[in-house]
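Breakdown of the fold
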Amino acid sequence: KYQVKDSTRASEFAPLLGISEKDIIAIVHGPATTPDWVVEVNPDAFATLKPDIGGLAAVCLERGLVVTCAGSSHFLSDAAPVDVRTRPRILDSLHNTAVFDFCSRFFAPGVGVAEDPVTGSAHCILAPYWDSKLQPAQGTYMQALQASPRGGVLRVKYDKDLELVELCGEAMTVLSGRMEV
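All values derive from a computational prediction rather than experimental measurement. (Residues numbered from 1 in each chain as written. Predicted model: local features only at pLDDT ≥ 70, side-chain atom pairs only at ≥ 80, totals over all residues. Heavy atoms only, no water.)

Let us look at the pairing of strand 3 (residues 37–41). The element strand 3 is extensively covered by neighbouring structure, given that five of its five residues are classed as buried. Taking every second residue as pointing to the same face, both faces of strand 3 are buried, with Trp-37, Val-39 and Val-41 on one and Val-38 and Glu-40 on the other. Of the strand pairs in this sheet, strand 3 and strand 4 (residues 65–70) are connected by four bridges, and their pairing is parallel. The residue of strand 4 that forms the bridge with Trp-37 is Leu-65. (Buried < 20%, exposed > 50% of the residue type's maximum accessible area, 1.4 Å probe, protein only. Helix = DSSP H or I, 4+ residues; strand = E, 2+ residues; numbered from the N terminus. Pairing = 2+ DSSP bridges.)

Rendered as structure tokens:
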């Protein structure tokens, strides 16, 4: 369940993201199990985010900040205002016809993660958030883009009755090991 917060944090978050307060659509706080702040912005603002990682590290976030927007073709269009150097590399392998229901970026510099490439836990918050806004048919997957420099594409589904999120996508092993207890 979401705790909708008033927009008093908009004046705090907007300059740290390099956007205007008017670009912020909503600010909500995730549940106790995933206490991230979710800031929904318009697609134009999302495409031009310039996060101040040092500033975000100094702000009380509990864990992290998820910035999200409704599905956007900004990353796919040649006419888009996105600097090609910041276009997620994952998109190089996709056709320009890819459609996303929503996009996101995740920042948690206070816990040592400037920007996470692909964040499953953030999508466990975003799935019910976007499900309530987009209202897809029960059992339908939403297509999500995490628009970090590496980037990732996820398929997410939210089961309202069970309050369960299903995440699908490709993973990259970044650490492998064995632990004996």
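Let us now look at the packing of aromatic side chains. All told, the structure shown has three aromatic pairs when counted by the stated rule. Where Phe-102 meets Trp-130, the ring centres are 5.7 Å apart and the plane angle is 10 degrees; that geometry is what we call stacked. One end of the pair, Phe-102, is in strand 5 (residues 102–108); the other, Trp-130, is in helix 4 (residues 120–134), with 28 residues separating them in the sequence. Taking the relative accessible area as the measure of exposure, Phe-102 reaches 0% and is therefore buried. Under the relative-accessibility criterion, Trp-130 is labelled buried at 1%. (Phe/Tyr/Trp six-rings, centres within 6.5 Å; stacked < 30°, edge-to-face > 60°.)

With 15 residues, helix 4 should reach 21 Å at 1.5 Å per residue; the first-to-last C-alpha distance of 20 Å fits that figure. Backbone geometry just downstream of helix 4 places Gln-135 in the positive-phi region, at approximately 50 degrees. (Expected span 1.5 Å × (residues − 1).)

This next bit is on the side chain of Arg-105. Topologically, Arg-105 is positioned in strand 5. Side-chain polar atoms of Arg-105 contact the side chain of Glu-115, separated by 2.7 Å. When residues no more than four places from it in sequence are discounted, the contact partners of Arg-105 are Phe-46, Leu-49, Pro-51, Leu-65, Val-66, Val-67, Glu-115, Gln-146, Ala-147 and Ser-148. (Polar contact = N/O pair within 3.5 Å; in protein donor to acceptor, adjacent residues only side chain to side chain. Contact = heavy atoms within 4.5 Å.)

Time to look at the pattern of salt bridges. Applying the stated criterion to the full structure yields eight salt bridges. Its salt-bridge partner being Asp-36, residue Arg-63 comes within 2.7 Å of it at the nearest N-O pair. Residue Arg-63 is located in the loop between helix 3 (53–58) and strand 4, and its partner Asp-36 is located in the loop between strand 2 (24–29) and strand 3; the two are separated by 27 residues in the primary sequence. Across the pair Glu-180 and Arg-178 runs a salt bridge whose closest N-O atoms are separated by 3.3 Å. Residue Glu-180 is classed as exposed on the basis of its relative accessible area, which comes to 66%. (Salt bridge = Lys/Arg side-chain N within 4 Å of Asp/Glu carboxyl O.)

Right, let's get into unusual backbone geometry. Phi is positive for Gln-135, which is not a glycine, with a value near 50 degrees. The topology assignment puts Gln-135 in the loop between helix 4 and strand 7 (142–146). On the basis of relative accessibility, which here comes to 62%, the residue Gln-135 falls in the exposed class. The backbone of Glu-163 sits at a positive phi, close to 50 degrees, despite the residue not being glycine. Positionally, Glu-163 belongs in the loop between strand 8 (152–159) and strand 9 (164–169).

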